[in-house]
Amino acid sequence: MMKFRFRRQGTDPQREKIKQELFAFNKTVEHGFPHQPSALAFDPKLQLMAIGTKSGAIKVYGAPGVEFTGLHKDTTAVTQIHFLPGQGRLLSLLDDNTIHLWELVAGAPREVGGVKKEGVVSLQEVGNYSLPGRPGIESCSATRVTVLLLLRSCDLLCIGTEGGGVYFLQLPRLSLKDNHTLLQDQVTQSLPDDYRCGKSLGPVESLQEHPQQSGKILIGYSRGLVVLWDLSTRHADQLFLGKQQLESLVWERTGNLFVSSHNDGGYSVWPVTSGNTCSHQPVTSTIPYGPFPCKAISKILWRTTQTGSPVLLYSGGMPRASYGDRHCLTIQQDKDHVTLDFTSRVIDFFTVHSTEPEKEFDDPSALVVLLEEELVVIDLQTPGWPSLPTPYLAPLHSSAITCSCHISSVPPKLWERLVNAGKAQQGRQHTHRSWPICGGKNLAPPPKQQELLLTGHEDGTVRFWDASGVALTPLYKLSTANVFHTDCDPSEDPQDPSDDPDMQQEEEWPPFRKVGCFDPYSDDPRLGIQKISLCKYSNKLVVAGTAGQVIVLGLSDERSDHLVDVSVVDLLQDREGFTWKGHDRLEPRLKPAPFPPGFQPLVLVQCLPPASVTAVALHAEWNLIAFGTSHGFGLFDYHRRNAVLARCTLHPNDSLAMEGPLSRVKSLKKSLRQSFRRIRKSRVSGKKRTITTPTSKVQEANAALAEQEEVAPVQRRIEPRSADDSLSGVVRCLCFADTFLRDGTHHGPTLWAGTNSGSVYAYALEVPGVGTGRVCERGGASESSVCVEAVLGKEIQLMHRAPVVSICVLDGRGKPLPDPYEASQDLAITPDMTNAHSVLIASEEQLKVFSLPKVSAKTKFKLTAHEGCRVRKVALVVFSSTAQEDYSEHTLVCLTNLGDMHLFNIPGLRPQVRFRVCFYLISPSEYERFSLSAKVITEPLFSVQLDRPLEPTPAR
């Protein structure tokens, strides 16, 4: 009798409708700092800021929650951006010499999961222009644009070029006014003979409009000449015969003087007077950091104040020999003088000040500095000019991110304590004035739940971010460095002087002040955080690092000085034949150390050998932590301070596991050699298999027939991995669960561990006071004498030896078991403990569900065989319906190495939908946020009040 095993099931319309109500892919927002910023602009009327990048992106920011992005068609660097104030339009100049006009448009209403959504405001290109070459000019670089000036009337754009010409473009039509073009020859004719000397004036370096008389502009040439040009009469009102190479120009508010900065590190003040057509010398000329040779002052600003003394701001100008490698910006006002010292290059800066014509003074309130790796805002109204904390654009990569963890539905009490701890940290370092870039109005409703993003960094810090809305805001920073003696410790005092402004010892001259938080250098690479686990109900946190350190921390609202308990767990258990060749373990401090309010260390567990921790698990209700490295895994009772279990998972050929992360060259060579050996071995074994006995041929035929019955014709054949692979003992995942392991009637605590070689170890735990397990007593029955025990219950070896990525135990209804404290505190539905449980094991190649306690296979999905991809990350997520308030489904979400997101139902493992999200890693400094839920979407929703009506997006 023939059986049709592969009958294709037709699509169920009802199920397809449910899928649409549950799942929908939406790219929502980008968190972090733009990669490779190259231009900056500010609209003083709309209070919006724009940042251009080298990849051709323009990102506009206003009040927290107000942000949108525009992308040029070509990935060409944006060199300049200029707003048309109040209009919601901006101009961009690209590195390919093209000028583009953008404007805000209202998106059309859309339907997401059957729900009508408002259209999202976006930035759309509406025109572009490329300056034509001049006839008779040998080089096309003569018309290369060097600077743009938008007149206050917003109807004319002045374009300075490398050949010294100035062109004029009508807006918004982007048409050239040929009769207004000003060539360098016209200016040269009016120069004195002794200044002309047959030399070229050089490129146009700066264009500035007169602040009081519209139609008059300053034109600054590279050679040093500055011309006050009247556009209406097409005549030079005044010439300023500078002799030093020019960098930038800025007007004083009254228009009676202007300031020029130069490449020798100096600046000059020039008077503008009627009747004097030629000025040979400035009023004053200063090299602030002279007399020795200095670097150029690339940009300078002059802002007037009611106090009488102007605020002078300029970038560069440092002494070449001593501080030529510093990235600095100076603020001067009367006797106050501060040199802001940054860790990355200054791209551009502007001040937030009064621009209304009726106001007499500028009165700057804030300085905004765009750096290569971060955005810094300085409060200019508070004495001392402190920095403002940024509600967005914080540099996620201030120290290299080594791991991350997302926590949803954070309890209000924990959230409040974290916010208070963060405020205590910022109290002495930042001012609390309002954010100066406040354009637009955030219309998004308050988040229904608070979300945390935890990032672990190379410098040993863990940063807590508010991920509840569009803006990713820093909340609190935890440092683990003061638990140890590091290679760069200056003394026994763990206090970091840079954290306390009163302890900073500023150099006498220049008066440097370290500003910003971007610091890519780590004092000790062993401090790097590799794994994070947080229990949001017990306020317990576990962080594990590169040198085998596992730290258990508790949340405290008060400062504390205490000694951290230290325990050492030897995972090799004196196993012979293995010698650790990597770094030494970190030395813990032997004296009490000060810990500020927030998470404070309780216990330090150090693994031997001190290899990087690859997996951690925390069960705060049982007071247990589990940790794994490339050598094995351990179980520790942090309440009683004793090690419960140490299991070595090393294979005899795991020599690479003994070299540590600092021996990568040897490891690479060795892995290449082993790869070639495996290839040769597979070829030889293939030849050997052809010469077999009749019995073996029958066995192979039967096996092939059985495989054909189980595998669909479209599946790829997957070769089993060799047991001799290096690093096969690496522990990839750990999991605690209260389930049935010994028999089907008694459940209890268990620990599950998965390795790189496809091995899964399941231990039955005897936890005092939990379940019906017996209690181990040591010399008595007191609470302090009882201990936790672990007994190996099951050991599973996956057929193809693919690395185990995740393990999750499902209850009798096929739902994931709740987190610790959720069931006992009625925060989640009590798991079904009457029906048989199962365990879901996800390897790099397939997803498989086993029944418990027999561990027999129930169902599986061969992802690599079907799709040709490998599993990278998996998570179990609850999706709620947009149509039915009380309907939801638990779904397995799987991210592959191809950048696809696969969704499966559980426990059946039937594919639901697949989304391509290969763009999620857009840059080294940003997170890409997207939603898979049709109901829960975090996206910008705001309004902007313009001087013109907001046009809808044109139909395409």
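Computed from a predicted structure; not experimentally measured. (Residues numbered from 1 in each chain as written. Predicted model: local features only at pLDDT ≥ 70, side-chain atom pairs only at ≥ 80, totals over all residues. Heavy atoms only, no water.)

A.B. asks: I keep staring at the UniProt feature "repeat: WD" (unreviewed entry) in the protein and nothing clicks. Help me out?
C.D. replies: Taken from the UniProt record, the annotation "repeat: WD" (unreviewed entry) applies to residues 71–112 and 452–466. With 0% helix and 80% strand, the stretch residues 452–466 has end C-alpha atoms that lie 5 Å from each other. (UniProt positions renumbered as here; feature names shortened; annotations may be inferred. Helix = DSSP H or I, 4+ residues; strand = E, 2+ residues; numbered from the N terminus.)

A.B. asks: Looking at this structure, I do not really get the confidence of the model for the protein. What am I missing?
C.D. replies: One rule of thumb: low pLDDT means the predicted coordinates there are not for detailed reading. For the protein, per-residue confidence averages 86 on the pLDDT scale, and 83% of positions sit at 70 or higher. Within the model, the stretch residues 662–666 combines pLDDT values under 50 with two contacts to residues more than four positions away or in other chains. Within the model, pLDDT remains below 50 along residues 772–781, and this stretch shows 15 contacts once partners closer than five positions in the same chain are excluded. (pLDDT = per-residue confidence, 0-100. Contact = heavy atoms within 4.5 Å.)

A.B. asks: Which parts of the structure should I look at to understand unusual backbone geometry?
C.D. replies: Negative phi values dominate among residues other than glycine, just as trans dominates among peptide bonds. For the bond running from Leu171 to Pro172, omega is 0°, close enough to zero to count as cis. Geometrically, the link from Gly290 to Pro291 is a cis peptide bond, its omega value of 5° lying close to zero. Assignment of secondary structure puts Pro291 in the loop between β24 (284–286) and β25 (297–303). Non-glycine residue Leu174 carries a positive phi angle of around 60°. Tracing the chain through its elements places Leu174 in the loop between β14 (166–170) and β15 (175–176). For Leu174, a relative accessible area of 9% puts it in the buried group. Backbone geometry at Trp385 places phi at a positive 50°, although glycine is not the residue there. Its location among the elements puts Trp385 in the loop between β31 (375–379) and β32 (387–388). With a relative accessible area of 7%, Trp385 lands in the buried category. (Buried < 20%, exposed > 50% of the residue type's maximum accessible area, 1.4 Å probe, protein only.)

A.B. asks: Help me understand the environment of Asn897, please; the structure alone is not making it clear to me.
C.D. replies: Position of Asn897 among the secondary structure elements: in the loop between β61 (888–896) and β62 (900–905). Along the sequence, Asn897 and Lys873 sit 24 residues apart, while their C-alpha atoms lie 9.1 Å from each other. Excluding anything up to four places from it in sequence, Asn897 contacts Cys869, Arg870 and Arg872.

A.B. asks: How do you make sense of the packing of aromatic side chains when you look at a structure like this?
C.D. replies: Aromatic ring pairs: the centre-centre distance and the angle between the two ring planes describe each pair. Per the stated rule, a full pass over the model turns up 20 aromatic pairs. For the pair Tyr61 and Tyr392, a centre-to-centre distance of 5.5 Å together with 15° between the ring planes defines the contact as stacked. One end of the pair, Tyr61, is in strand β4 (residues 57–61); the other, Tyr392, is in the loop between β32 and β33 (401–407), and 331 residues separate them in sequence. Taking the centre distance of 5.7 Å and the plane angle of 15° together, the rings of Phe464 and Phe599 count as stacked. With a gap of 135 residues between them, Phe464 in strand β36 (residues 461–466) and Phe599 in strand β47 (residues 598–608) connect regions that are remote in the sequence. Overall, the relative accessible area of 0% leaves Phe464 in the buried class. Using a relative accessible area of 3% as the deciding quantity, one classes Phe599 as buried. Pairwise contacts between aromatic rings join Phe240, Trp251, Phe258 and Trp270 into one cluster. Geometry around Tyr195 places Arg223 over its ring, the cationic atom sitting 4.4 Å from the centre. Here Lys299 stacks its cationic end above the ring of Phe349, 5.0 Å away from the centre of that ring. (Phe/Tyr/Trp six-rings, centres within 6.5 Å; stacked < 30°, edge-to-face > 60°. Lys NZ or Arg CZ within 6 Å of the ring centre and 35° of its normal.)

A.B. asks: Please explain the sheet that holds strand β23 (residues 278–279) as it appears in this structure.
C.D. replies: Strand pairing in a sheet takes place through backbone hydrogen bonds and is either antiparallel or parallel in direction. Read across the open sheet, the five strands follow the order β16-β17-β18-β19-β23; overall the sheet is mixed. Each having just a single partner strand, β16 (204–209) and β23 make up the two edges of the open sheet. Looking at chain direction, strand β19 (residues 235–241) and β23 are connected through two bridges and run parallel. Within β23, the residue paired with Phe240 across the bridge is Ser279. (Pairing = 2+ DSSP bridges.)

A.B. asks: It is not clear to me how helix α1 (residues 13–22) should be interpreted in this structure. Could you clarify?
C.D. replies: Residues spaced three or four apart along an α-helix face the same direction, because each turn holds 3.6 residues. Taken residue by residue, α1 has Ile18, Lys19, Glu21 and Leu22 as its buried positions. Taken end-on, α1 shows its buried residues confined to a sector of 165°, consistent with a single buried face. Pointing more than 90 degrees away from the buried face of α1 are the exposed residues Pro13 and Gln20. On its buried face, α1 sits against β1 (23–32), β60 (871–880), β61, β63 (911–916) and β64 (926–933). (Arc of directions from axis to C-beta.)

A.B. asks: It is not clear to me how the pattern of salt bridges should be interpreted in this structure. Could you clarify?
C.D. replies: Pairing is possible between side chains of opposite charge, provided their charged atoms come close. Counted under the stated rule, the structure contains 33 salt bridges. Residues Arg196 and Asp193 are paired through a salt bridge, measuring 3.6 Å at the closest nitrogen-oxygen approach. Linking Arg196 with Asp193, this pair stays in helix α3 (residues 193–196), spanning three residues, or about one helical turn. Overall, Arg196 belongs to the partly exposed group, its relative accessible area being 27%. Asp193 gets classed as exposed once you look at its relative accessible area, which sits at 62%. Linked through salt bridges whose partners overlap, the residues forming this network are Lys27, Glu30, Lys59, Glu926 and Glu928. (Salt bridge = Lys/Arg side-chain N within 4 Å of Asp/Glu carboxyl O.)

A.B. asks: Just checking my understanding: could you explain the pairing of strand β53 (residues 747–755) for this structure?
C.D. replies: Along any regular strand, the residues point their side chains to alternate faces of the sheet. Counting buried positions over the nine residues of β53 gives eight, a clear majority of the element. Counted between consecutive antiparallel strands, the loop separating strand β52 (residues 731–740) from β53 contains six residues. Here β53 runs beside strand β54 (residues 759–766); their pairing, made up of five bridges, is antiparallel. Bridge assignment links Thr750 to a residue of β54, and that residue is Ala764.

A.B. asks: What is the right way to look at the environment of Gln600 in this model?
C.D. replies: Along the chain, Gln600 falls in strand β47. Leave out the neighbours within four places in its chain, and Gln600 touches Val552, Leu553, Gly554, Ser556, Glu558, Arg559, Ser560, His562 and Phe595. At a separation of 3.3 Å, a polar atom in the side chain of Gln600 contacts the main-chain carbonyl oxygen of Phe595. (Polar contact = N/O pair within 3.5 Å; in protein donor to acceptor, adjacent residues only side chain to side chain.)

A.B. asks: What exactly am I supposed to notice about the sheet that holds strand β35 (residues 452–457) here?
C.D. replies: Overall, antiparallel pairing links the four strands, which are arranged β33-β35-β36-β37 in an open sheet. Looking at the sheet topology across the chains shown, the edges are occupied by β33 and β37 (473–479). Sheet twist, expressed as the average angle between the axes of neighbouring strands with direction ignored, equals 20°. Strand direction decides the pairing type here: β35 and β36, joined by five bridges, are antiparallel. Its bridge partner being in β36, Gly456 is matched across the sheet by Val462. Lying over the sheet, helix α5 (residues 412–426) contacts β35, β36 and β37, oriented at roughly 75° with respect to β37. (Axes fitted to C-alpha atoms, helices over the stretch in contact; angles between N-to-C directions.)

A.B. asks: Would you explain the environment of His327 in this entry?
C.D. replies: For His327, the location among the structural elements is in strand β27 (residues 327–333). Classification of His327 by relative accessible area gives partly exposed; the value is 28%. Along the backbone, His327 and Ser344 are 17 residues apart, and their C-alpha atoms lie at a distance of 6.3 Å. Once residues lying within four places of it in the same chain are set aside, the contact partners of His327 are Leu340, Asp341, Phe342, Thr343, Ser344 and Arg345.

A.B. asks: How should the pairing of strand β26 (residues 311–316) be read in this particular structure?
C.D. replies: Counting buried positions along β26 gives six out of six residues, so the element sits mostly inside the fold. Of the pairings in the sheet, the one linking β25 to β26 comprises six bridges and is antiparallel in character. Note that in β26 the partner of Ile297 across the bridge is Gly316. Where β26 lies against β27, four bridges are found, and the strand directions are antiparallel. Across the sheet, residue Leu313 finds its bridge partner in β27, namely Ile331.

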